[in-house]
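One-letter residues, chain by chain:
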Amino acid sequence: MVGKPLLHYFNGRGRMESIRWLLAAAGVEFEEKFMHTNEDLEKLRSDGVLMFQQVPMVEMDGMKLVQTRAILNYIASKYDLYGKDMKERALIDMYSEGLADLNEMFINYPYYPSEQKEENLALMKEKARNRYFPAFEKVFKSHGQEYLVGNRLSKADIHLAEMVYNMEELDSNILAGFPLLQALKTRVSDLPTMKKFLQPGSQRKPPEDEENVLKVKKIFNF
Ligand SMILES: N[C@@H](CCC(=O)N[C@@H](CS)C(=O)NCC(=O)O)C(=O)O
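Residues numbered from 1 in each chain as written. Predicted model: local features only at pLDDT ≥ 70, side-chain atom pairs only at ≥ 80, totals over all residues. Heavy atoms only, no water.

**Some words on helix H2 (residues 38-46)**
Part 1 of the argument: Inspection of H2 places Asn38, Leu41 and Leu44 among the buried residues, and these make up the whole buried set. Along H2, the residues classed as buried sweep out an arc of 120 degrees about the axis, all on the same side. Exposed side of H2, more than 90 degrees from the buried face: Glu39 and Ser46 are the residues found there.
Part 2 of the argument: Looking at the packing, one finds that the buried side of H2 touches strand E1 (6-10), strand E2 (31-35) and helix H9 (210-220).
Part 3 of the argument: With its phi angle positive at about 75 degrees, Gly48 sits one or two positions after the end of H2. (Buried < 20%, exposed > 50% of the residue type's maximum accessible area, 1.4 Å probe, protein only. Helix = DSSP H or I, 4+ residues; strand = E, 2+ residues; numbered from the N terminus. Arc of directions from axis to C-beta. Contact = heavy atoms within 4.5 Å.)

Encoded structure:
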């Protein structure tokens, strides 16, 4: 029997969180091995299992996968969350990359010094409200379907739902004026696999707090 995917990262959201969401959506159970210290990271490096000396790393199907997007694409291909043809895949990639740009801001902002943190927070909310959310609302409006591409669930829907959750944590009113994004959020949250993942105390990580930020800074020496 093939074992569960094993996720190597720190015990926080960061770049691994989208991987957790996608595995959950696919109904795949996974295990996690957390790095708590810089020694834990150095141990992985000296074991030679991190191709570019970086995490996330996911052990899956006999591979030791690195590079977040490569990992996401593998999971999406394997669990049929990547469209039915090249054109659908191109759209899914386009939407996912837009969300990855916003996610990059989301991942990084907790680690800035407080003044810059406030600036980045404001910029990120502005971009969500005025650039990314209107673009996705327009996609739904244009085709009137339940999911972004091909009228069936894809990785792009999962990344979008994750981002909606993230942004709502920062501004509970951010979905005002985006009824179709609200509907997507509900649809994804109601998937049986996501219900389990999203319930309190499940594998969804809490927001990065100051204590975790300090721990992460120590792990990566910055
Ligand atoms: N492009 C890579 C970036 C990975 C990355 O920057 N990982 C950070 C932790 S979130 C890391 O390992 N930093 C240590 C380093 O770069 O030496 C990906 O998407 O996986």
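**Structural notes on the packing of aromatic side chains**
For any pair of aromatic rings, geometry is given as the distance between the ring centres together with the angle between the planes.
Part 1 of the argument: In the structure shown here, the tally under the stated rule is 8 aromatic pairs.
Part 2 of the argument: With centroids separated by 5.7 Å and ring planes inclined at 70 degrees, the aromatic side chains of Trp21 and Phe197 adopt a geometry described as edge-to-face. Here Phe197 lies in helix H8 (residues 192-198) and Trp21 lies in helix H1 (residues 17-25), a separation of 176 residues in the sequence. You'll find Trp21 and Phe197 in the same group, each marked buried.
Part 3 of the argument: Consider the rings of Phe106 and Tyr109, whose centres lie 6.1 Å apart with planes at 50 degrees: the pair is tilted.
Part 4 of the argument: By relative accessible area, Tyr109 is classed as buried at 12%.
Part 5 of the argument: Grouped by ring-pair contacts, the aromatic residues Tyr9, Phe10 and Phe220 constitute a single cluster. (Phe/Tyr/Trp six-rings, centres within 6.5 Å; stacked < 30°, edge-to-face > 60°.)

**Observations concerning the environment of Lys78**
Part 1 of the argument: Note that Lys78 resides in helix H3 (residues 68-78).
Part 2 of the argument: With a relative accessible area of 38%, Lys78 lands in the partly exposed category.
Part 3 of the argument: Each C-alpha atom, one on Lys78 and one on Lys138, is 29 Å from the other, the two residues being 60 residues apart in sequence.
Part 4 of the argument: Excluding anything up to four places from it in sequence, Lys78 contacts Met60 and Asp61.
Part 5 of the argument: Only 2.8 Å separates the side chain of Lys78 from the side chain of Asp61, close enough to count as a polar contact. (Polar contact = N/O pair within 3.5 Å; in protein donor to acceptor, adjacent residues only side chain to side chain.)

**Section: helix H6 (residues 155-170)**
Part 1 of the argument: With 16 residues, H6 extends 23 Å from end C-alpha to end C-alpha; this agrees with the ideal 22 Å at 1.5 Å per step.
Part 2 of the argument: Buried residues dominate H6, accounting for 14 of its 16 residues. (Expected span 1.5 Å × (residues − 1).)

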